[in-house]
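# Structural description and commentary
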Amino acid sequence: MTKSVLICAALAATASLSFAQKFTSPPAETSVTIAGKTIAIKYSAPSVHGRQIFGDGGKISHDPHYPVWRAGANSATALHTEADLDIQGLRVPAGDYTLFANVADPDHWELIVSKDTKEWGLAYKDNMDLGRVKMEMSKPPALIETYKMTLSSGDGNSGKLQLEWENHIAVVSIAAK
């Protein structure tokens, strides 16, 4: 009898651990060097798991600060830049910031750069915005299961930041000053 109880308990623990792992949002990061200076972003990467993410009734529409999204999961998405940046016209001095996205219209996002670096990701404060920029939007050829942010370099002092998840790809240009 005791052996049967132990086996059942082990199976239940394994099943619950397996279920919990299915919906994790693992830590991720992206970085690039432009003009000899490093730009890095740390975030958590959630997955779709068959859910609607954006738009009315989507997973993000249930967040307390919707339509502002923390551009990831778990803790706040953190930007560190050694260079002064120009993000599509927004001047961003070298330092640390938190990134959010306004996804009120799933097909027209805004990147939000916040000066508030002391919050976990759900306590968005618009009075801490350094600024907002419109993102260029496109559709991927297939569903993007796991959220991904990519920093890449271009010609000279330029580069781009790309956010992609579900049925959306959002891009902003960046330049190191």
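Just above, that's the structure.
For the structure given in this document, a descriptive report is provided here. This is a predicted model, so every value here is computed, not measured. (Residues numbered from 1 in each chain as written. Predicted model: local features only at pLDDT ≥ 70, side-chain atom pairs only at ≥ 80, totals over all residues. Heavy atoms only, no water.)

## So, the pattern of salt bridges
Our working definition: Any Lys or Arg side-chain nitrogen found within 4 Å of a carboxyl oxygen on Asp or Glu counts as a salt bridge. Strands here are runs of E lasting at least two residues and helices are runs of H or I lasting at least four, both read from the DSSP assignment and numbered beginning at the N terminus. Only protein chains enter the accessibility calculation, which uses a 1.4 Å probe; a residue whose area is less than 20% of its type maximum is buried, one above 50% is exposed, and one in between is partly exposed.
Scanning the model with the defined rule gives five salt bridges in all. Measuring nitrogen to oxygen at the nearest pair gives 3.3 Å for the salt bridge that ties arginine 132 to glutamate 110. Of this pair, arginine 132 sits in strand 9 (residues 129-134) while glutamate 110 sits in strand 8 (residues 108-114), placing them 22 residues apart in sequence. Using a relative accessible area of 34% as the deciding quantity, one classes arginine 132 as partly exposed. Ionic pairing is found between arginine 132 and aspartate 129, a salt bridge with its closest N-O pair at 3.1 Å. By relative accessible area, aspartate 129 is classed as buried at 18%. Where salt bridges share partners, they join Glu110, Asp129 and Arg132 into one cluster.

## What about the packing of aromatic side chains?
Rules: Each pair of aromatic rings taken from Phe, Tyr and Trp, with Trp reduced to its six-membered ring, is defined by centres within 6.5 Å and is described as stacked if the planes are under 30 degrees apart, edge-to-face if over 60, and tilted in the remaining cases.
Counted according to the given criterion, the structure contains nine aromatic pairs. Where phenylalanine 54 meets tryptophan 69, the ring centres are 5.5 Å apart and the plane angle is 80°; that geometry is what we call edge-to-face. Of the two residues, phenylalanine 54 is situated in the loop between strand 2 (37-44) and strand 3 (68-69) and tryptophan 69 in strand 3; the sequence distance between them amounts to 15 residues. Here phenylalanine 54 matches tryptophan 69 in class, with each residue buried. Ring centres of tryptophan 69 and tryptophan 109 lie 6.0 Å apart, and the angle between their planes is 75°; this geometry places the pair in the edge-to-face category.

## So, the pairing of strand 11 (residues 144-153)
Here is the rule: In this analysis, strands are considered paired if DSSP registers two or more bridges between them.
The sheet contact formed by strand 11 and strand 12 (residues 158-166) spans seven bridges and is antiparallel. Within strand 12, the residue paired with serine 152 across the bridge is lysine 160. Linking two consecutive strands that pair antiparallel, namely strand 11 and strand 12, is a turn of four residues; a positive phi of about 60° is found at glycine 156 within it.

Just distances and angles here, no functional claims.
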